[in-house]
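Chain and residue survey
Each chain is listed here by its residues.
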Amino acid sequence: MTIIGAISLPQNPPENLRAIARAADEAGLEELWLWEDCFLSGGVSAAAAALAWTENLKVGIGIMPLPFRNVALAAMEIATLSRLSGGRALPGIGHGVQEWMGQVGNRAASPLTLLREYGTALRALLNGEEVTTKGRYVNLDAVKLDWPPTTVPPLYVGSTGPKTLALGGEVGDGTILTGGTSPAGVVAALGHIHADVHEMVVFVPAAFGAGAADRLRAQQENYGNDHPGVFGTPEEMAAGLREFVDAGATSLILQPTTDDPDPVAFVRSVAEEIRPLID
């Protein structure tokens with residue numbers, strides 16, 4: 001069954017997250033994803049709060065930029081989130097926007113090398129292994145978590161280019177595709193991922209109500225997206241989402257526009273109006 005979720009954008013003030021997360025949980029939404037975009041909300045702290053405020057909702061972080069955290073700290077944070085929430089935390093990692101990484105003085109000369117070293121070490125640590133490694137970016141000496149996850153969470157990798165997609169298939173359990181990716185883009189991405197079992201999480205722009213089409217098209221033009229997203233009646237939106245399912249998406253996470261007037265209503269609409277229409 002396809003997973004249907006929603007995004008709480010970091011453009012929402014952090015103090016609004018409680019109402020959004022609780023509304024999503026009460027409405028039966030499967031997943032709520034958060035972003036760690038610079039220089040807005042912290043992804044791990046926001047995820048911890050959202051998990052504490054809810055009972056059944058899974059909370060994803062899509063993504064944690066690798067240069068921000070030592071891999072041992074990332075493993076500690078993910079493991080803690082997982083154990084505290086009963087396995088409801090969904091960690092995502094990725095290169096991060098290179099301009100932002102430069103702003104904080106941590107831009108990697110070889111993002112792919114960093115991803116390979118980091119993803120490999122992170123998976124081993126989350127599996128409870130003792131890790132010793134000496135690489136270009138990741139250096140660990142007999143590091144082992146005292147409190148590894150009870151159930152190891154899937155590790156998602158945010159990917160765009162062919163090389164990152166291929167590497168994400170090696171070091172991750174799933175791939176996150178950015179909002180504005182078309183169904184054809186999903187097919188193309190899968191062509192670069194060589195894994196027997198691999199989840200494909202697609203962020204899909206969506207808008208409800210009056211002016212939805214105009215808001216989505218303006219966003220598409222502003223960001224140069226391939227696909228504007230879905231809008232219209234719930235049935236029309238579901239029909240558009242099925243194109244992504246047919247292309248190979250396993251999770252569809254609906255992404256509101258930054259000018260969405262009511263993020264609480266958005267997550268409720270995704271759960272109550274869209275979820276029942278997607279098999």
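Nothing here was measured: the structure is a model prediction, and the numbers come from that model.

A word on the pattern of salt bridges. Under the defined criterion, the tally for this structure stands at 9 salt bridges. Across the pair Glu 272 and Arg 268 runs a salt bridge whose closest N-O atoms are separated by 3.9 Å. Placement of both Glu 272 and Arg 268 in helix 10 (residues 263-274) is noted, with a separation of 4 residues, approximately one turn of the helix. Glu 272 gets classed as partly exposed once you look at its relative accessible area, which sits at 48%. A residue is classified by how much of its surface remains accessible, and Arg 268, at 28% relative accessible area, is partly exposed. Three or more residues joined by partner-sharing salt bridges are found here, namely Glu 26, Arg 268 and Glu 272.

The full count for this structure, using the stated rule, is 4 aromatic pairs. Ring centres of Trp 33 and Tyr 156 lie 5.6 Å apart, and the angle between their planes is 80 degrees; this geometry places the pair in the edge-to-face category. Taken together, the residues Trp 33 in strand 2 (residues 31-34) and Tyr 156 in strand 7 (residues 156-158) connect sequence positions 123 residues apart. We classify Tyr 156 as buried; its relative accessible area is 2%. For the ring pair Phe 208 and Phe 266, a centre distance of 5.5 Å and an interplane angle of 75 degrees mean the geometry is edge-to-face. Note that Phe 208 is positioned in the loop between strand 9 (199-205) and helix 8 (212-223) and Phe 266 in helix 10, a separation of 58 residues in sequence. Taken individually, Phe 208 and Phe 266 each receive the classification buried, so the pair is uniform in this respect. Cluster of aromatic residues (ring-pair linked, three or more members): Trp 33, Trp 35, Tyr 156 and Phe 203.

This part takes up the sheet that holds strand 7. Taken in spatial order, the 8 strands line up as 1-2-3-4-7-8-9-10 and close into a barrel, and their pairing is parallel. Strand-to-strand twist across the sheet, computed as the mean angle between neighbouring axes with direction ignored, equals 25 degrees. With respect to the sheet, helix 3 (residues 71-85) is in contact with strand 3 (58-65) and strand 4 (89-94), its orientation differing from that of strand 4 by roughly 160 degrees.

A separate point is the side chain of Thr 164. If you trace the backbone, Thr 164 turns up in helix 6 (residues 162-171). A relative accessible area of 9% places Thr 164 in the buried class. A polar side-chain atom of Thr 164 sits 3.0 Å from a polar atom in the side chain of His 95. Look past the residues within four positions of Thr 164 in its chain and what remains in contact with it is His 95, Leu 112, Leu 115, Gly 158 and Ser 159.

A word on the environment of Ala 124. By the secondary structure assignment, Ala 124 is in helix 5 (residues 111-126). Taking relative accessible area as the criterion, Ala 124 reaches 12% and is therefore assigned buried. For the pair Ala 124 and Ala 75, spaced 49 residues apart in sequence, the C-alpha separation works out to 9.4 Å.

This next bit is on helix 9 (residues 234-247). For helix 9, spanning 14 residues, the distance from its first C-alpha to its last is 20 Å, which sits close to the expected 20 Å at 1.5 Å a residue. Burial in helix 9 covers these residues: Met 237, Ala 238, Gly 240, Leu 241, Phe 244 and Ala 247. Axial view of helix 9: buried residues confined to an arc of 165 degrees, hence all on one face. Structurally, helix 9 contributes buried residues whose contacts are with helix 7 (183-190), strand 9, strand 10 (251-255) and helix 10. Positive backbone phi, approximately 125 degrees, marks Gly 248, located one or two places after helix 9.

Side-chain alternation along strand 2 places Glu 31 and Trp 33 on one buried face and Leu 32 and Leu 34 on a second face that is also buried. The parallel pair strand 1 (residues 3-8) and strand 2, bridged by helix 1 (residues 17-26), forms a crossover whose chirality is right-handed. Sheet topology places strand 2 next to strand 3; 4 bridges connect them, and they run parallel. Counterpart to Trp 33 in the pairing with strand 3 is Gly 60. Handedness of the crossover joining strand 2 and strand 3 through helix 2 (residues 43-52) is recorded here as right-handed.

What counts, and at which threshold
- Residues numbered from 1 in each chain as written.
- Predicted model: local features only at pLDDT ≥ 70, side-chain atom pairs only at ≥ 80, totals over all residues.
- Heavy atoms only, no water.
- Salt bridge = Lys/Arg side-chain N within 4 Å of Asp/Glu carboxyl O.
- Helix = DSSP H or I, 4+ residues; strand = E, 2+ residues; numbered from the N terminus.
- Buried < 20%, exposed > 50% of the residue type's maximum accessible area, 1.4 Å probe, protein only.
- Phe/Tyr/Trp six-rings, centres within 6.5 Å; stacked < 30°, edge-to-face > 60°.
- Pairing = 2+ DSSP bridges.
- Axes fitted to C-alpha atoms, helices over the stretch in contact; angles between N-to-C directions.
- Contact = heavy atoms within 4.5 Å.
- Polar contact = N/O pair within 3.5 Å; in protein donor to acceptor, adjacent residues only side chain to side chain.
- Expected span 1.5 Å × (residues − 1).
- Arc of directions from axis to C-beta.
- Right-handed = clockwise from strand over helix to strand, strands pointing away.

All quantities given are derived from atomic positions and should not be read as evidence of function.
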